[in-house]
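Chain and residue survey
In case you want the letters, here they are:
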Amino acid sequence: MRTFLFLLIAILTSLQALAQSYSLFSPADTLKGGLRPERTSFDVHFYDLRVSVDPDAKVISGQNTIHFTVNQPTERIQIDLFPELEIHTITGSSAISGYDRLHGAIFIDFVQILPAGSNQTISITYSGKPQEAKTPPWDGGFVWEQDEKGRPWIATAVQGQGASLWWPVKEHLSDEPDSMAITCTVPNGLTCVSNGNLRDESHDRGQGTFRWFVSYPINVYNVALNIGHYAQISDKLQMGGQEILADYYVLDYHEDKAEKNFPKWVKEMFLHYNKLLGPYPFPDDGYALVEVPYWGMEHQSAVAYGNEFKLNEYGFDFILIHETGHEYFGNSISSTDPAELWIHEAFTTYLEVLFLESRDGYEISEDYLESKLSLIRNNQPILGPMGVYYEDWNDADMYYKGAWMLHSIRHMVDSDKKWHKLIRQFYQTFKGKSVNTEMVINFFNEQTEVNVRPVFHHFLTELHPPRLAYRIEGRDFFYKWLNTGKGFNMPVEIKAGNKTYRLTPTSSWQQVRIPKRVTPKFSTEKFYFVPEKTE
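All values reported here derive from a predicted model rather than from experimental measurement.

Scoring rules and cut-offs
Numbers given to residues run from 1 along each chain, matching the order in which its sequence is written. With the structure being a predicted model, the display of local features is reserved for residues of pLDDT at least 70 and the display and counting of side-chain atom pairs for 80 or more, all residues being used for whole-chain, interface and lining totals. To obtain the side-chain values, all non-hydrogen atoms of the structure were included, while hydrogens and water were left out. At least two DSSP bridges between two strands are required for those strands to pair. Each helix corresponds to a stretch of at least 4 residues labelled H or I by DSSP, and each strand to a stretch of at least 2 residues labelled E; elements are numbered beginning at the N terminus. Axis geometry follows a simple rule: fit a line to the C-alpha atoms, using only the stretch in contact for helices, then measure angles between N-to-C directions, giving values from 0 to 180 degrees. One less than the residue count of a helix, multiplied by 1.5 Å, gives the span that helix is expected to have. Three labels apply to residues, based on accessible area from a 1.4 Å probe with only protein chains included: buried if under 20% of the type maximum, exposed if over 50%, partly exposed otherwise in between. With a 1 Å grid laid over protein atoms only, a set of points is called a cavity when a 1.4 Å probe fits there but cannot get out and a pocket when it is open yet has protein on both sides within 12 Å along at least five of seven lines; lining residues have an atom within 4 Å of a point. Grid points are joined across faces, edges and corners, and a volume is the space filled by probe spheres set on the points. Charged means Asp, Glu, Lys or Arg here, nonpolar means Ala, Val, Leu, Ile, Met, Phe, Trp, Tyr, Cys or Pro, and polar covers whatever is left, Gly included.

Strands sit in the order β26-β23-β22-β28 across an open sheet of 4 strands; the sheet is mixed. Every interior strand has two partners, whereas the edge strands, β26 (510-513) and β28 (530-533), have only one. Looking at each pair of strands side by side, their axes are set apart by 30 degrees on average, direction ignored. Bridging between strand β22 (residues 467-473) and β28 involves 4 bridges; their strand directions are parallel.

Laid out in structure tokens, this is it:
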């Protein structure tokens, strides 16, 4: 047993050398992000999570019963829980001989080998003070705040750090439970809102217990507790011939603002999302907005909202549009590794653009996308290191550079009608599934009949955008790519006089003749690249 741990520590330490292009990741990150036999040998299909929250002491205690099927015979499995939380007992339907903890991993050993195909359960009881969020949702954890009346207002936000920050779980995006029960106990007077549907609530001995049920697969970082003095506003949405129940949970003194704004904004949003992508992906669980003491998060069927009912200069509530957009890209279509969170963020950010285009027209949406150019930092690749739980992103390029990547590919397709059909088809093909980068690229390659692989590869793996060298000699316009790999085939457009020239640069100089005494203008509103004039 100890030999195993010493070897594992040595392997994990050596793997840190792989982080040359990124912030260093730790052995704990590698344990949480890797797929070893202790993880691949079983598949979770149900979590029964029960948590009690003490706002005064900032302490939680709970129990999680994990139902799983054994894929390959194994006598050891890995579950994850932050070391700050104490484990009291671990029991199972098959006898457990013991367990070891290493960083955030729990290695559980069974007396006998679990046979393939068998259904098993383990139950873990635990307690402690979970990590507090410093700057949620980016630097996440438990958020212990007070509302304007000095009353407890508590929430979780753990996309970066992971669900194991506050409950024992198989912490890997590739394994979502088919469904989940969440039971939360809090002091009387407080309401606990979680994911899915509220099955029932009870009150006894100064405490209230709220029982929620999620009837769809769910990313475990999406599982959330929201605790406060909430008022509930109920509504109904008509989508694709279905009636979807909608609930808005807001602090009681914000009820009037929410009643005035949320029903109107939400119905407008889903009118366009339904047209662009199709019906809401979790109809049986309904849709909810929950007011939280931070900006927002995409918690499935219980979207965290903290934007104080503000509209931006384009006339929409950014948090409402973006975080709900994740219900489609992120919660329905999910990545299989944190390195590939661009799949969540690039598509959802571009969905903001498509929403505006659907509502206000292409020119407004184009202006909105151009307003995001200044937010691109080019500090690190959009695609992170695989096989580690990498979450130390120091820019927002997976959002804005990722959206510009999709926009550039849209104009490679060169047909708005085809593009809109393609985005809808992409969602409809993969809704309810987990995907990786290669699957996404293959889909767009096949459906566009354009080789978009080199463009995806450059934007995802290179630090800097494509750089186009150009010079003008008389009527000849010379151009070539400076920093792109073999086969990079993104076109560019220039306008000279009354004519638009669509060019396909390579790494070698090419030229095109333009009108006399005309200075060409680059169509940088269609493709993301940097022109560099040379002599």
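We are not done yet, so read on.
We now examine helix α6 (residues 342-360). With 19 residues, α6 extends 26 Å from end C-alpha to end C-alpha; this agrees with the ideal 27 Å at 1.5 Å per step. Burial of α6 is extensive: 17 of the 19 residues sit out of reach of the surface. Positioned one or two residues after α6, G361 has a phi angle of 105 degrees, which is positive.

What follows is about empty space enclosed by the protein. To locate leftover empty space, one rolls a probe as large as a water molecule over the atoms. Evaluation of the coordinates by the stated rule reveals 2 cavities of 30 Å³ or more. Lining the largest cavity are Q159, G160, L173, Y221, P338, L341, Y389, Y390 and E391. Its residues placed into classes, the lining of the largest cavity shows 6 nonpolar, 2 polar and 1 charged. Each pocket or cavity is described by its volume, and for the second largest cavity that value is around 30 Å³.

Let us now look at the sheet that holds strand β15 (residues 230-239). The strand order β15-β16-β17-β19-β18 describes an open sheet built from 5 strands, whose pairing is mixed. The sheet is open, and its two borders are formed by β15 and β18 (296-297), each paired with just one other strand. Where strand β17 (residues 287-291) meets strand β19 (residues 303-305), 3 bridges bridge the pair, whose relative direction is parallel. Among the inter-strand pairings, E291 is bridged to a residue of β19, identified as Y305.

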